[in-house]
Amino acid sequence: MNRQDELIRCLRERILVFDGAMGTMLQRNSLPPGACPEEWNLSHPKVVKEIHQAYLSAGANILTTNTFGANRLALKEFRLSHKVKEINIAAVKIAKSAIGDKKDFIAGSVGPTGKFIQPFGELEFDEAYTTFKEQISALASAGVDIILLETHVDLQEIRAAILAAKDVCKLPIFASMSFTPHLSSSPASPLRKDEGPRLSRHRFRKGAGFTKENRTVTGTDPITAVTVLESLGATAVGANCSTGPEEMFSSISEMAKINKGFLFAQPNAGMPKLVDGKTVYEGSPDLLSKYAEKFVGLGVNIVGSCCGTTPEHTKAISQRVENKKPVLRKKNLVTTLTSRTKTVFVGGRSRSLINQTPIICIVGERINPTGRKELTSELKERKLQLIRKEAIGQVNAGAEIIDVNLGVPGIDEPRLMQEAIITLQNIIEAPLSIDTLNPETLESGLRIYAGKALINSISAEESRLESLLPKAKQYGAAFIGLCLDEKGIPSTVKERVRLAKKIIEMAEKCGLSREDIFLDALVLPVATNQEGIAVTLETLRRIKEEFQVKAILGISNVSYGLPRRSFLNATFLAMAISKGLDAALINPFDEQVMGILKASAVLTGKDQRAKNYISCFGKMEEEKKEKPRKFSPAELLRTAVINGTSEETISLIQNLLNAGRSALQIVNEILIPAIKEVGEKYEKGEFYLPQLILSAETMKKGLNFLQDSIKTESKKKNIGMKIIIATVKGDIHDLGKNLVIALLESYGYEVIDLGKDVSTEVIVEVVKKEKPAIVGLSALMTTTMPEMKNIIKRLKAEGVKARTIIGGAVVTEEYAKEIGADAYGKDCLDAVKQIERLLYEFSP
């Protein structure tokens, strides 16, 4: 039995235990602040080996290599990019020597790059992929048993890592993300027609209830994470870092509802605190071991611990779960599609799942250039405004998935598909369906899509199945299979069912599951083939009865060439629903069709007490009496900032300037209120970090365009008001700092970014020269927090009048008061608010 088979056998038979924190133990062994932990594989191999041995003695049976930050981009901060292979191979050799003749496993640790992927940062997806591929190649060649992707907060980045791992080796992949509590509001009624061209989000009632749900900083929830990671081929999925075991319990509970493979949990020992100059974690070994037992009760197969933990924690955990067996859980074999931030369930219902599926899943079909001259013209010019408008409008109208078809002759379809997907997945939460006949376009879209997509579609020709089904498997997508082949659409039920069976069999040979197969029985226009409707409906019934896959139809085909098409579409839809239809490509603006769906939900019991039906139709007469609103240029600009659609910003601002609005009026009355509304939505949980960044970039683009006009008009204190921000000496983390800077610049402030790992001397020197109003200091590690105290002490000694604000994951308000800082920012948005308060209260 090889090592991989032995690992799977162990996971099925007993609970495995990860080791604890490497960084905590290195610090105990005198790792200096700001030093590279991974470099110690070369300079201090004995220390690293002793830490491994301590964890093994404590009961760990999976050792994690000291390679968390051993990728090219992370090592660049230490000028060690040229030693990626050397450092990773050395780490594996140390772990192997620690294990010796034991049968324990080695997990090659692969952490994030420390950069955001475009459009939220400068890192390109393919660069992230090659960065991970380089590190994983070194780990695999050195002989690790597992590729462990840990502490990832961006779904797109961990996708790049999984794709790289699959291309490099056949080792089991353990994939873990870090979740933190986010404030989420209770949704109210759907958007009214007169509420403007808004981003597709829920409206919120005054006094609506707020709850906390766990998400990554880029907005991915645990169910979406487990769906995407498993669809890509991860052997085990889980959560690590960020929180203590109490907070992590809810994330693992959510994952356990839907995961199909193995689960693992590695919480921190709580959040770190600086006490008398020392880093202290309050999570005791006993606390973590109790929660390890609770995790096992949920169905977790591997337990462990993360930051702040030691061999004492590992020993307590190991002893607590020593005689435990994996809990056999009933698998929820549901069909799921996701965006970065939302999972849509298709067909069937499960009481254990929070999200409830509708009568059928609505796939919005409006992004299709066939017969649409305006859209065709835009696509030829590589413009995406109409696509954005259609996507937002369809979601507001009730579409749960948005189909994207860019089939225009003569365009660079693969490139345009990537651009469209990047745009759409950042302005709507609905998952996307990639609709193309071009294999290159399909792969281009699947590769860049941050979620689990639907492929529309794959016909039953041998060549199409052989070339495209592996792509669905590689990128973790579901697909629509068409009951047609090179001979065309069969005229009989028997032949269509035969092709359906062929598609399913070949898909399963590629490793795809039936939950990810949608079959289209195909409908021809009734005007030319009335007998064909009965064939379609009977084929649909047979597919559902015999194959246990999802059934989908393109409804509008049925009415082609006839008047009053809506009546035919709605009636045919009702007939198809009675045969078991799960999803349909429809026009969500068709009131007749949408009405049939709402009525069907009542009649089948899926709309309990007809709540949705009454909510929709009870107000319809009132809404029909209301005249459609026309939106002013100011409202359109506000919406552009909120939606983050920067391409429209300049033209909208120019229209306002031409109409007589001054630059300052545009800034003060439109742009700043809009960006503040975005901040409010972020605080309420309506928006996530991606939307916040896009809106800030849109705002910044508008301000840059108006800059010259503002300088001549303005007496506003923002303009020319300098703010200096830096990450302190010994700390190389700057994601949070960069977000604060982006927001401040979007508000119109002049920000001087000194970067990261900046010495006290440099900060003081620049502050004295530039005379800023505010100095912002960031730190992510407790070991570098004392630098903040030194800097503030020096600034006061030099008589600097600038106000100071500090922040970072480990920084607390108490510490800010202790060292004499004027303010503390608990997160990027709060930091901006505190800076504005300081500017209002004090004059530098």
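Residues numbered from 1 in each chain as written. Predicted model: local features only at pLDDT ≥ 70, side-chain atom pairs only at ≥ 80, totals over all residues. Heavy atoms only, no water.

### A closer look at the environment of Thr 441
(1) Moving on: Tracing the backbone through its elements, the reader meets Thr 441 in helix α16 (residues 439-448).
(2) Moving on: Those residues in contact with Thr 441 that sit more than four places away from it in its chain are Glu 413, Pro 414, Met 417 and Thr 436. (Helix = DSSP H or I, 4+ residues; strand = E, 2+ residues; numbered from the N terminus. Contact = heavy atoms within 4.5 Å.)

### Some remarks on the packing of aromatic side chains
(1) Moving on: If you walk through the whole model with that rule in mind, you get six aromatic pairs.
(2) Moving on: Between Tyr 291 and Phe 295, the ring centres sit 6.4 Å apart and the planes meet at 50°, which makes this aromatic pair tilted. With Tyr 291 and Phe 295 both in helix α11 (residues 285-298) and four residues apart, this pair spans about one turn of that helix.
(3) Moving on: Exposure remark for Tyr 291: the relative accessible area of 15% places this residue in the buried category.
(4) Moving on: Here the aromatic residues Phe 18, Phe 174 and Phe 264 are joined through ring pairs into a cluster of three or more.
(5) Moving on: When the ring centre of Tyr 291 is taken as reference, the NZ or CZ atom of Lys 294 above it lies at 4.5 Å. (Phe/Tyr/Trp six-rings, centres within 6.5 Å; stacked < 30°, edge-to-face > 60°. Buried < 20%, exposed > 50% of the residue type's maximum accessible area, 1.4 Å probe, protein only. Lys NZ or Arg CZ within 6 Å of the ring centre and 35° of its normal.)

### With respect to the sheet that holds strand β19 (residues 478-482)
(1) Moving on: An order of β15-β16-β17-β18-β19-β20-β21-β22 is seen for the eight strands of this closed barrel, with the pairing classed as parallel. Taken over all neighbouring pairs, the strand axes of this sheet differ in orientation by 30° on average, direction set aside.
(2) Moving on: As judged from the four bridges shared by strand β16 (residues 401-405) and strand β17 (residues 432-435), these two strands associate in the parallel manner. Of the residues in β17, the one forming a bridge with Val 404 is Ile 434.
(3) Moving on: Here helix α17 (residues 462-474) sits on the sheet in contact with β18 (454-459) and β19, set at roughly 165° to β18. (Pairing = 2+ DSSP bridges. Axes fitted to C-alpha atoms, helices over the stretch in contact; angles between N-to-C directions.)

### Section: helix α29 (residues 760-770)
In an α-helix, one turn spans 3.6 residues; hence positions three or four apart end up facing the same way.
(1) Moving on: For α29, the complete set of buried residues consists of Thr 760, Ile 763, Val 764, Val 766 and Val 767. The arc that holds every buried residue of α29, seen down its axis, measures 165°, which confines them to one face. Seen from the buried face of α29, the exposed residues on the opposite side, beyond 90 degrees, are Glu 765 and Lys 769.
(2) Moving on: In this fold, the buried residues of α29 make contact with β23 (722-727), β25 (774-778) and α30 (785-797).
(3) Moving on: The first or second residue beyond α29 is Lys 771, which carries a positive phi of 50°. (Arc of directions from axis to C-beta.)

### Quick look at the nonpolar core
Nonpolar side chains in soluble globular proteins generally cluster together in the buried interior.
(1) Moving on: Formed by 176 residues in total, the largest nonpolar core has its most connected members in Ile 147, Leu 149 and Val 303.
(2) Moving on: With sequence-adjacent residues up to four places away left out, Ile 147 is seen in contact with Gly 108, Val 110, Ile 136, Leu 139, Ala 165, Cys 169, Leu 171, Pro 172, Ile 173 and Phe 174.
(3) Moving on: Ile 672, Tyr 749, Ala 773 and Leu 839 belong to the second largest nonpolar core, which has 51 residues in total. (Core = buried A, V, L, I, M, F, W, Y, C linked by side-chain atoms within 4.5 Å.)

### Focus on the confidence of the model for the protein chain
Interpreting fine coordinate detail is not advised for predicted regions of low pLDDT.
(1) Moving on: Of the residues in the protein chain, 91% have a pLDDT of 70 or more, and the chain-wide mean is 88.
(2) Moving on: Below pLDDT 50 for its whole length, residues 714-720 participates in 14 contacts with residues either more than four positions away or in separate chains. (pLDDT = per-residue confidence, 0-100.)

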